[in-house]
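One-letter residues, chain by chain:
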Amino acid sequence: MRRILRDLAVLLILLSTSCLVAQAALVRGRLLHGQNNTAAGVAVTVWCQAYGRSQASFSGGDGMYYIPNVPPGQYTLEVWAIPNNPPMTFVIYVNEPGTDVNPIYVP
């Protein structure tokens, strides 16, 4: 009986973990600067009052950024392009399995 209960507990943990993973999405987009030049090294976060801020992501050499494990819902995308200034903000809707954000032009 103990073994059955232990196996059932392990199964429930595995099922709940897979449900959490299935509910998370990837947010990705590209930051551009000037005449379609990419903007590298710019901080990007998503924010929702219910979930708080995501971990900061930085745009790569090609201007692309990726923010993993974002639950579906409505968020504010924050782009921190100019130090010591407020971020540029955009409302986005995250869907499973991922959301592509339109290119953003930064100063």
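Structure: see above.
Values in this document were obtained by computation on a predicted structure and should not be read as measured data.

Scoring rules and cut-offs
- Residues numbered from 1 in each chain as written.
- Predicted model: local features only at pLDDT ≥ 70, side-chain atom pairs only at ≥ 80, totals over all residues.
- Heavy atoms only, no water.
- Helix = DSSP H or I, 4+ residues; strand = E, 2+ residues; numbered from the N terminus.
- Buried < 20%, exposed > 50% of the residue type's maximum accessible area, 1.4 Å probe, protein only.
- Contact = heavy atoms within 4.5 Å.
- Areas by Shrake-Rupley, 256 points an atom, 1.4 Å probe, with all protein chains shown as cover.
- Pairing = 2+ DSSP bridges.

A.B. asks: Explain the overall build of the protein to me, and be specific about the residues and the numbers.
C.D. replies: If you tally the helices and strands in the protein, you get one helix and ten strands. Looking at the 107 residues of the protein, the share that counts as buried comes to 28%. A separation threshold of at least 6 residues defines the contact pool for the protein, and within that pool the share at least 24 residues apart is 55%. About 7300 Å² of surface is accessible on the protein, with carbon and sulfur atoms providing 59% of the total.

A.B. asks: Pulling in residues and values, what's your account of the pairing of strand 1 (residues 25–33)?
C.D. replies: Where strand 1 and strand 6 (residues 64–70) come together, five bridges link them in antiparallel fashion. The partner of Val27 across the bridge, within strand 6, is Ile67. Here strand 1 pairs with strand 9 (residues 98–100) via three bridges, running parallel. Bridge assignment links Arg28 to a residue of strand 9, and that residue is Asp100. Bridge count for strand 1 against strand 10 (residues 104–106) is three bridges, and the pairing is parallel. Following the sheet pairing, Leu32 is matched in strand 10 by Tyr105. Bridge analysis of strand 1 against strand 2 (residues 37–38) gives two bridges, and the strand direction is antiparallel. The partner of Leu32 across the bridge, within strand 2, is Thr38.

A.B. asks: An account of unusual backbone geometry is requested, with residue identities and associated values reported.
C.D. replies: In this chain, Glu96 is followed by Pro97 through a cis amide linkage whose omega measures -10 degrees. Inspection of the secondary structure assignment puts Pro97 in the loop between strand 8 (88–94) and strand 9. Non-glycine residue Asn69 carries a positive phi angle of around 60 degrees. One can find Asn69 in strand 6. In this structure Asn69 comes out as exposed when scored by relative accessible area, which is 62%.

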